[in-house]
Amino acid sequence: MGSEARAAQVEEVIRRLEAHYVFPDVATKLAEVLRQRLGEGAYDGLGDADFATLVTTDLQSVNGDKHLRLRHHVDPVADDGDAAMNSDGYRLEAELEGFGIAEVRRLTGNVGYLDTTMLYPPELAGPAIAAAMTLLAPADALLLDVRRNRGGSPGTSALLQTYLVDEQVHYLDIYEREGHQTIQMWTLPYVPGLRFGGTKPIWVLTGPRTFSGGEDLAFSLQQQGRAKTVGEATRGGAHPREQYKVDTYLDVTVSIARSFHPETGENWEGSGVRPDLPVAADRAFDTAYALALEHVLELGSAGPRRTVADEARQALDQL
């Protein structure tokens, strides 16, 4: 890669930052850092993959925004975020990942378990989420595992949360630089299938790999008092982002908005979502499952509940 071509790539990254980054003053600082690094020759002689890694480090050095990344791809990148989301490749990716649902099952003792890895857009993931939540609706308690959830669509967070409440809830606000507007995020008035509902207990399992949309879920349910978080603090990325083409095999992800609680103004940027019950991430499941089983036993063992209570006792003894 010649120096002129590399400089052009850096300038394209800067153009995207100055046009779209949620904090214009920070975008100015980012531009200064990149131009200084370019002038120092920091990017000379690097292949695209190493160049992308180093630029990402430089971008995140300014304010620690983990959504700021220059990415290298093996295949040519789409022209913009909308094109990428609507591509056949992205749809296939969603299908091959089970639309972001790694596992859904009824655990022994009538405890529901949902393991999510990604919040794919509702138009893709909606039917899978409806099926999963319909299966989980009769459970006495729910474990929502976002320890591997790397992010995704705010709309899918709203969809999932709707299954966990009885009435519409205003749970988050998102300020968008474009138009200088604030979007209120509410749970939905209707979802297909059955709801788990707004009264049975939920534990959200978190860890250092939980990011962005996964953090949205954990933070919003925690702030509502709808769920307890169990595990470790999350990565700390509260800025919705968009991706923009830089060159054939490079794109830059730019934070175009910021999420915050509608009453307190707080979010999880930088700090992550702090767990209500701090334990090692690999112990979060056992900890939450034990609490869920104890809840099941509190519901009694009369009539049809006898079998479930027996299951819960045996499972608790094995933990």
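Here, the structure is the one placed above.
(A) Examining the nonpolar core more closely. Among the nonpolar cores identified, the biggest contains 40 residues, and L114, I129, M133 and V204 are the most heavily contacted of them. The set of elements that each furnish at least two residues to this core consists of α5 (88-96), α6 (122-136), β4 (141-145), α7 (154-162), β5 (170-176), β7 (202-206) and α8 (213-224). Once residues within four sequence positions are removed from consideration, L114 is found in contact with I101, E103, V104, A132, M133, L136, L142, L143, L144, D145 and L160. Within the second largest apolar cluster, 23 residues are counted, among which are V26, A31, L68 and L70.

(B) Spatial organisation of the sheet that holds strand β6 (residues 181-186). Strands sit in the order β6-β5-β11 across an open sheet of three strands; the sheet is antiparallel. The open sheet terminates on both sides in strands that have one partner only, identified here as β6 and β11 (257-260). Across the sheet, the mean angle separating the axes of adjacent strands is 25° when strand polarity is ignored. Here six bridges tie β5 to β6, and the two strands are oriented antiparallel to one another. Looking at the pairing, Y175 lines up with T182 of β6. The strands that α7 touches are β5 and β6; relative to β5, the one it contacts most, it runs at about 175°.

(C) Spotlight on the pairing of strand β3 (residues 111-116). The buried fraction of β3 amounts to six of the six residues, a majority that puts the element mostly inside the structure. Of the two faces of β3, the one lined by V111, Y113 and D115 and the one lined by G112, L114 and T116 are each fully buried. Between the end of strand β2 (residues 101-107) and the start of β3, which pair antiparallel, lie three residues, with G109 showing a positive phi angle near 95°. Where β3 meets β4, five bridges bridge the pair, whose relative direction is parallel. Bridge pairing in β4 links L114 to L144. The parallel pair β3 and β4 is bridged by α6, and the resulting crossover is right-handed.

(D) Representation of the packing of aromatic side chains within the structure. Evaluation of the coordinates by the stated rule reveals six aromatic pairs. Measuring from centroid to centroid gives 6.0 Å for Y21 and F23, while their planes differ by 75°, and the two rings are edge-to-face. Residue class for F23 comes out partly exposed when judged on its relative accessible area of 26%. Each ring, one from Y43 and one from F51, has its centre 5.4 Å from the other, and the planes form 80°; the classification is edge-to-face. Against the face of F51 rests R6, its NZ or CZ located 4.0 Å from the ring centre. Across from the ring centre of F196, 4.3 Å away, lies the NZ or CZ of K200, which sits over that ring.

Reading guide: rules and limits
Residues numbered from 1 in each chain as written. Predicted model: local features only at pLDDT ≥ 70, side-chain atom pairs only at ≥ 80, totals over all residues. Heavy atoms only, no water. Core = buried A, V, L, I, M, F, W, Y, C linked by side-chain atoms within 4.5 Å. Buried < 20%, exposed > 50% of the residue type's maximum accessible area, 1.4 Å probe, protein only. Helix = DSSP H or I, 4+ residues; strand = E, 2+ residues; numbered from the N terminus. Contact = heavy atoms within 4.5 Å. Pairing = 2+ DSSP bridges. Axes fitted to C-alpha atoms, helices over the stretch in contact; angles between N-to-C directions. Right-handed = clockwise from strand over helix to strand, strands pointing away. Phe/Tyr/Trp six-rings, centres within 6.5 Å; stacked < 30°, edge-to-face > 60°. Lys NZ or Arg CZ within 6 Å of the ring centre and 35° of its normal.

Scope: geometric values only; no functional claims are made or implied.
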